[in-house]
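# Commentary on secondary and tertiary structure
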Amino acid sequence: MPVFDLSQTPLRDLNSALHGLASGANDVDFEVINPRGHHAVAVGVDSPINITVRGSVGYYCAGMNDGGTITVHGSAGPGVGENMMSGTVVIEGDASQYAGATGHGGLLVIKGNAASRCGISMKGIDIVVYGNIGHMSAFMGQSGHMVVLGDAGEALGDSLYEAKLFVRGSVKSLGADCIEKQMRPEHLQKLAELLEKAGVENVKPEEFKRYGSARKLYTFDIDNADAY
Amino acid sequence: MCGIVGLFLKDPALEPQLGQLLSDMLITMTDRGPDSAGIAIYGAADNGKAKVTVQSADPDTDFEDLEAALKAADLDAKVTVKSTHAVVEVAAADAARVRPVLASLRPDVRIMGSGDCVEIYKETGLPKDVVACFDVRSMRGTHGIGHTRMATESAVTTLGAHPFSTGSDQCLVHNGSLSNHNNLRRELAREGIAFETQNDSEVAAAYLTAEMAKGKDLGEALTGALDDLDGFFTFVVGTKSGFGVVRDPIACKPAVMAETDQYVAFGSEYRALVNLPGIETARVWEPEPATVYFWDHKNAA
């Protein structure tokens, strides 16, 4: 298993090695030690490999991930998993602001708390947070699911489109056009599936409330369609 | 951008290393803002003495024979020159006289800060050069703050660098930009506060000074700042015995804190904290928006 010590090896060497893997390569397990808050650790991974990071990372860790499984045994700075396409990113500690922003797919699991703007403009990613999330989370979320076992901060789901939000704890306030919605059987089923994928135990889907778009904003009004 | 750091020591055993630790933290943040850098170090108060840190664009001329000139003006002072800065130490009773005497003897000298224990060094250039030119690494102290600047609201000059000090032993570093600083500056000027620059962060420092002059402690003044200052800010603030952090309610300027039995540390990024002793087991967290964090040696004792 290749090990990259970021206190000795330049970050570019790590990311080049991850990007340079031939299709079907056997070396699929990588370890990164001493990340020391480095930015852009394991960005742009585009093959189904496993990367274990031992320590805390800075900005944009696992950004644009497309198929990799990246686990950070520490906390992550701003923009972890930003624009993820597919694959899995697990943060054992906390995540800073805009975790999973604009993500198109894949699963982001944050075992601690996430700060503000978690899942902003999410476009299909699934995000599971064991702890709390900060203000303006899922702002303009377009698709995908956000599951929060703890509490949500102010203005959850402001200007939401089709993303589905599930919160187990309290919600400090809902953003514009975000409302609580009925939990139907298909939602409970999806929630159970996401909790299992994220390794959550002893938490039942029935403990959550569902939030989504009321679809009352300008963009949803058919009378505005001829403005274009 | 801008990068800010702060370190408040709880364990006196670390005091000899304060300058060293804070210098490394600041240098790590260089790529957040390479225009200018500054550091404020709170050393041990020497009873009955006051310190004034001054800066000159022409230190060879201004600082030559400054001590003798001050003595001739009946001000018994000890002058320690460090590159473009000098620390003028006088009896506490004479502290108020330093500014007017200096203004007449050396009109081009600028006051960086004053108090019982703070020394402030700031210049244009990279943190590593600024730290080296003032030998910050050798400085001991109880707490300190530092800043590396990417200028937005005013020119890249020595006076535009942080920390800003507007009151005795008070100073502030700021990441962000204020939007109501012009109006607030006018209001504070009307209350008699003098401003050295057009910089928005100086207004924040002056605001806190004015609030504390009304009897508030640092924590209360920072709480007031949340109501009265408009814009983006992460502030790290020092007083003679206190250390405070506050972020605006939107909180887009980054901030990470760490606390152990030995210290409280602040960095714009976690990278700034990785060399601190015991960081592996420290409590590390992101300060909440619109929440005042405040430590004081007096309360801790």
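Above this text is the structure in question.
Description of the structure in this document. (Residues numbered from 1 in each chain as written. Chains lettered and ligands numbered in written order. Predicted model: local features only at pLDDT ≥ 70, side-chain atom pairs only at ≥ 80, totals over all residues. Heavy atoms only, no water.)

Further remarks concern the packing of aromatic side chains. Scanning the model with the defined rule gives nine aromatic pairs over all chains in all. Consider the rings of Tyr59 of chain A and Tyr60 of chain A, whose centres lie 5.6 Å apart with planes at 50°: the pair is tilted. For Tyr60 of chain A, a relative accessible area of 32% corresponds to the partly exposed category. With 6.3 Å between their ring centres and 45° between their planes, Phe243 of chain B and Trp295 of chain B make a pair best called tilted. One end of the pair, Phe243 of chain B, is in strand 12 (residues 242-247); the other, Trp295 of chain B, is in strand 16 (residues 293-296), with 52 residues separating them in the sequence. Accessibility expressed as a relative area gives 16% for Trp295 of chain B, which makes it buried. The structure contains a cluster of three or more aromatic residues connected by ring pairs, namely Tyr59, Tyr60 and Tyr98 of chain A. Lys122 of chain B extends its terminal NZ or CZ atom over the ring of Phe164 of chain B, reaching a point 4.5 Å from the ring centre. (Phe/Tyr/Trp six-rings, centres within 6.5 Å; stacked < 30°, edge-to-face > 60°. Buried < 20%, exposed > 50% of the residue type's maximum accessible area, 1.4 Å probe, protein only. Helix = DSSP H or I, 4+ residues; strand = E, 2+ residues; numbered from the N terminus. Lys NZ or Arg CZ within 6 Å of the ring centre and 35° of its normal.)

This brings us to the sheet that holds strand 12 of chain B. Residue and element names in this part refer to chain B. With antiparallel pairing, the five strands of this open sheet are ordered in space as 9-10-11-12-16. Since the sheet does not close on itself, it has two edges, and those belong to strand 9 (164-167) and strand 16, each with one partner. On average, adjacent strands in this sheet sit at an angle of 20° to one another, irrespective of strand direction. Summarising the sheet, strand 9 and strand 10 (residues 170-178) pair through two bridges and their orientation is antiparallel. Bridge pairing in strand 10 links Phe164 to Leu172. The strands that helix 7 (residues 200-213) touches are strand 9, strand 10 and strand 11 (231-238); relative to strand 10, the one it contacts most, it runs at about 135°. (Pairing = 2+ DSSP bridges. Axes fitted to C-alpha atoms, helices over the stretch in contact; angles between N-to-C directions. Contact = heavy atoms within 4.5 Å.)

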